[in-house]
Amino acid sequence: MIVTGRRASRGHPLTEAQKEANQLVSRERAANEHGFADLKNWRILTKVRMNARHATALLRALLVLTNAEISR
C-alpha cells in the first residue's frame, strides 16, 4: 500500500487520520533525503559507473547503512 500526503483545502480541513498519514510520509521522506544528502556529500554518486539495476541495489544498501549509522 502506498501512502501519499494530503493537503487541506479552504473548506475541508484534514482529518486526524490524514494528519497522521502526513506525519508518516514526512518522517520517511526526511530520513531518505538525509541519507541521499550524505551520499552526495561523500561524492559516492559521481563515482558509480554501472548498470542502473545494480546501482539501485547498491544505493539502497548504502542508504540503509547510512541510516543505521546516523541513528546510532
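Before any of the text, the structure's been laid out above.
Quantities reported herein were computed from a predicted structural model and do not represent experimental measurements. Each chain carries its own residue numbering, running from 1 in the direction its sequence is written. Owing to the predicted nature of the model, reporting of local features is limited to residues with pLDDT of at least 70; listing and counting of side-chain atom pairs is limited to 80 or more, with chain, interface and lining totals taken over all residues. Working from all heavy atoms in the structure, the side-chain values ignore hydrogens and water.

### Points about the overall build of the protein
Within the protein, the regular secondary structure consists of two helices and zero strands. In this setup the radius of gyration rests on C-alpha atoms only. A globule is expected at 2.2 Å times the number of residues raised to 0.38. Computed over its C-alpha atoms, the radius of gyration of the protein comes to 17 Å, more than 25% above the 11 Å expected for a compact globule of 72 residues. Whether a residue is buried, partly exposed or exposed follows from its accessible area with a 1.4 Å probe, protein chains only, as a fraction of its type maximum: under 20%, in between, or over 50%, in that order. Taken across its 72 residues, the protein has 14% of its residues classed as buried. In these tables, accessible area is a Shrake-Rupley quantity obtained with a 1.4 Å probe, and a residue counts as shielded only by the protein chains included in the view. Per element, the accessible surface of the protein, about 6500 Å² overall, is 55% carbon and sulfur. Charged residues are defined here as Lys and Arg on the positive side and Asp and Glu on the negative side; His and the ends of the chain fall outside this count. Taken as the charge location is NZ of Lys, CZ of Arg, CG of Asp or CD of Glu. Here the protein holds 13 positive side-chain charges and 6 negative ones, and the gap between their average locations is 10 Å. Note on conventions: DSSP H or I runs of at least 4 residues are helices, E runs of at least 2 residues are strands, and numbering of each starts at the N terminus.

### Let's talk about the side chain of N22
Structurally, N22 is set in helix α1 (residues 16-41). We classify N22 as buried; its relative accessible area is 16%. Apart from residues lying up to four places away in sequence, N22 is in contact with T4, G5, R6 and L14. We call two residues in contact when some of their heavy atoms are within 4.5 Å.

### Quick look at α1
Its 26 residues give α1 an end-to-end C-alpha distance of 37 Å, which sits within 8% of 38 Å, the value for a rise of 1.5 Å per residue. Three or more residues of α1 are buried, namely A21, N22, V25, G35 and L39. Within two residues after α1, R43 carries a phi angle of roughly 60 degrees, on the positive side. Given a helix with a known number of residues, its expected span is that number minus one, times 1.5 Å.

So yeah, pure geometry; function would need other evidence.
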